[in-house]
Amino acid sequence: MVEKELRIEKLTNGFRNGSRETVLQENISAFLHPGDLVCLLGPNGAGKSTLMRTLSGFHQPLSGKISFSGKNLESMSLKARAREVAVVFTGQINDPFLTAFEVVSMGRFPYASFYGRLKKSDLEEVENTLNLLHVAHLKDKTFYQLSDGEKQKMLLARALVQDTPFLFLDEPVAFIDSPGKIEIMEWLSHFAHEQNKGILITTHDIELALDYADRLWLMNREKPLQKGIPEDLVLNGVINQYFDRERVVFDPRKGRFGSGNKPDRQVVYVKGDQVEMQWLCRAFTRMGKEVRKATAGKSVIYYSFDTDHFVLSRKDKEDVILSTIEEVMKREMDY
Ligand code: ADP
């Protein structure tokens, strides 16, 4: 049996306008396997959407080969493609009269009869998927009436009922509030791991990708596509090379971007790692201070947390008790 995989070989991503070529990336070689959630990350204009459209067969690559489970994408019929990969692009649904149920049902059309009729079992599959994603109560609303998060879940449902080994989603968490983003990422991770789907998404949300992706593909216009597991790309500094700007750098300890080291920052010492201290450290960093761990016997002045208040310990002086982070910050500013 042929192993299920998406294989990209020596692909040149870009555009051809007459005799003029715009090359976005050259020589891309990569695999996507069932069971993996891959996040394609890169700055705006890097070529992520173009690559995704190319991998879906909607855009012609400048050169190279794409195959699904041994079959060349170029030679696959539309229906054969639709049984291999389900794609969700932003701004796809323009019909204001379609209900959410109808939108999700579209995912079953690769399996419809010659006349485009869906069987009872197709409609049951749609119902089951809507129930699974907890959106069945919204099925009779027009797609346009839904919030961005609800729309995205419906589009995910449509992709799922298509019942393919691969899913591609362009920006599935854009314009969604933070809990909604996490919900979508949890589902994607669930479908990759529990239903053995190979899922490729584009996103700008690096921190979310670090939390959920099994693998990252990093893209920008100047460098070759980098692939790897998130933790390796953080530790070997590659993630910085793709995203750092002058004033925004990736902090490998925190796993997120922040303002870079500013010269002559005031140092503040802290002790303890309770959640209250972690939030206090965030507040200090925002104030522009450099936070360091207090060393036993060495640090003469440091902050800690005790039961329900912050304590400023000072050598040979009385402790200062502060109830809130606001009080700590006020004191720091006054000094
Ligand atoms: P991303 O998804 O990473 O933001 P895109 O794939 O949307 O990037 O776009 C990549 C680049 O290709 C952009 O700079 C865009 O302006 C350019 N582009 C888009 N369409 C064409 C075209 N028809 N011809 C040449 N360049 C194009």
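Read on for an overview of the structure. (Residues numbered from 1 in each chain as written. Predicted model: local features only at pLDDT ≥ 70, side-chain atom pairs only at ≥ 80, totals over all residues. Heavy atoms only, no water.)

**Here's the deal with the site of the ligand**
Near the ligand, the surroundings consist of 13 residues, among which Gly45, Gly47, Lys48, Ser49 and Thr50 are the closest. At a separation of 2.9 Å, an oxygen atom of the ligand approaches a polar backbone atom of Gly47. Within the contact set of the ligand, an oxygen atom lies 2.9 Å away from a backbone nitrogen or oxygen of Ser49. When the free accessible area of the ligand is taken as 580 Å², the share hidden by the protein chains comes to 61%. Those elements giving two or more residues to the shell around the ligand turn out to be strand E1 (6–17), strand E2 (20–32) and helix H1 (48–55). Residue contributions to the shell around the ligand peak at three residues, all from H1. A per-class count over the shell around the ligand returns four nonpolar, seven polar and two charged. (Near = heavy atom within 4 Å. Polar contact = N/O pair within 3.5 Å; in protein donor to acceptor, adjacent residues only side chain to side chain. Areas by Shrake-Rupley, 256 points an atom, 1.4 Å probe, with all protein chains shown as cover. Helix = DSSP H or I, 4+ residues; strand = E, 2+ residues; numbered from the N terminus. Nonpolar A, V, L, I, M, F, W, Y, C, P; charged D, E, K, R; others polar.)

**Thoughts on the pairing of strand E7 (residues 166–170)**
Side-chain direction in a regular strand flips from residue to residue, so the side chains alternate between the two faces of the sheet. Burial analysis of E7 places five of its five residues in the buried class, which makes it a mostly covered element. Going residue by residue along E7, you find Phe166, Phe168 and Asp170 tucked away on one face and Leu167 and Leu169 tucked away on the opposite face as well. Strand direction decides the pairing type here: strand E6 (residues 85–88) and E7, joined by four bridges, are parallel. From the neighbouring strand, Val88 faces E7, where its bridge partner is Leu169. Of the pairings in the sheet, the one linking E7 to strand E8 (residues 198–203) comprises five bridges and is parallel in character. (Buried < 20%, exposed > 50% of the residue type's maximum accessible area, 1.4 Å probe, protein only. Pairing = 2+ DSSP bridges.)

**Structural notes on the layout of surface pockets**
To locate leftover empty space, one rolls a probe as large as a water molecule over the atoms. The volume enclosed by the second largest pocket comes to roughly 400 Å³. Residue assignment for the lining of the second largest pocket shows that the elements contributing at least two residues are helix H2 (78–82) and E6. Of all the elements, H2 adds the most residues to the lining of the second largest pocket, at four residues. When its residues are assigned to classes, the lining of the second largest pocket shows eight nonpolar, four polar and three charged. (1 Å grid on protein atoms, 1.4 Å probe; cavity = no way out; pocket = protein on both sides within 12 Å on 5 of 7 lines; lining within 4 Å. Points joined across faces, edges and corners; volume = space filled by probe spheres on them.)

**A short note on the nonpolar core**
Ranked by size, the top nonpolar core spans 54 residues in total, and within it Leu130, Met154, Leu156, Met185, Leu188, Ile199 and Leu216 carry the most contacts. Top contributing element to this core by residue count: helix H5 (residues 148–161), with seven residues. Not counting chain neighbours up to four residues away, the residues in contact with Met185 comprise Leu37, Cys39, Val173, Ile201, Leu208 and Tyr212. Counting residues in hydrophobic clusters, the runner-up holds 25 residues, among them Ala46, Phe89, Phe166 and Phe168. (Core = buried A, V, L, I, M, F, W, Y, C linked by side-chain atoms within 4.5 Å. Contact = heavy atoms within 4.5 Å.)

**Focus on the sheet that holds strand E5 (residues 71–72)**
The sheet built from four strands is open, its strands ordered E2-E1-E4-E5 with antiparallel pairing. Unpaired on one side and paired on the other, E2 and E5 mark the two borders of the sheet. The strands touched by H1 are E1, E2 and strand E4 (63–68); relative to E1, the strand with the most contacts, the crossing angle is about 115°. (Axes fitted to C-alpha atoms, helices over the stretch in contact; angles between N-to-C directions.)

**Some details on the sheet that holds strand E10 (residues 226–228)**
Overall, mixed pairing links the six strands, which are arranged E6-E7-E8-E3-E9-E10 in an open sheet. With one partner strand each, in any of the chains shown, E6 and E10 form the two edges of the open sheet. Each strand axis lies, on average, 15° off the axis of its neighbour in the sheet, ignoring direction. Across the sheet, H1 touches strand E3 (37–41), E7 and E8, and the angle it forms with E8 is around 150°. Sitting on the sheet, H5 is in contact with E6 and E7, with an inclination near 165° to E6.

**Quick look at the environment of Val320**
Inspection of the secondary structure puts Val320 in strand E17 (residues 320–322). A residue is classified by how much of its surface remains accessible, and Val320, at 19% relative accessible area, is buried. As for Val320 and Phe310, which are separated by ten residues in sequence, their C-alpha atoms are 8.3 Å apart. The contacts of Val320, once residues within four sequence positions are left out, are Phe310, Val311, Leu312, Arg314 and Arg331.

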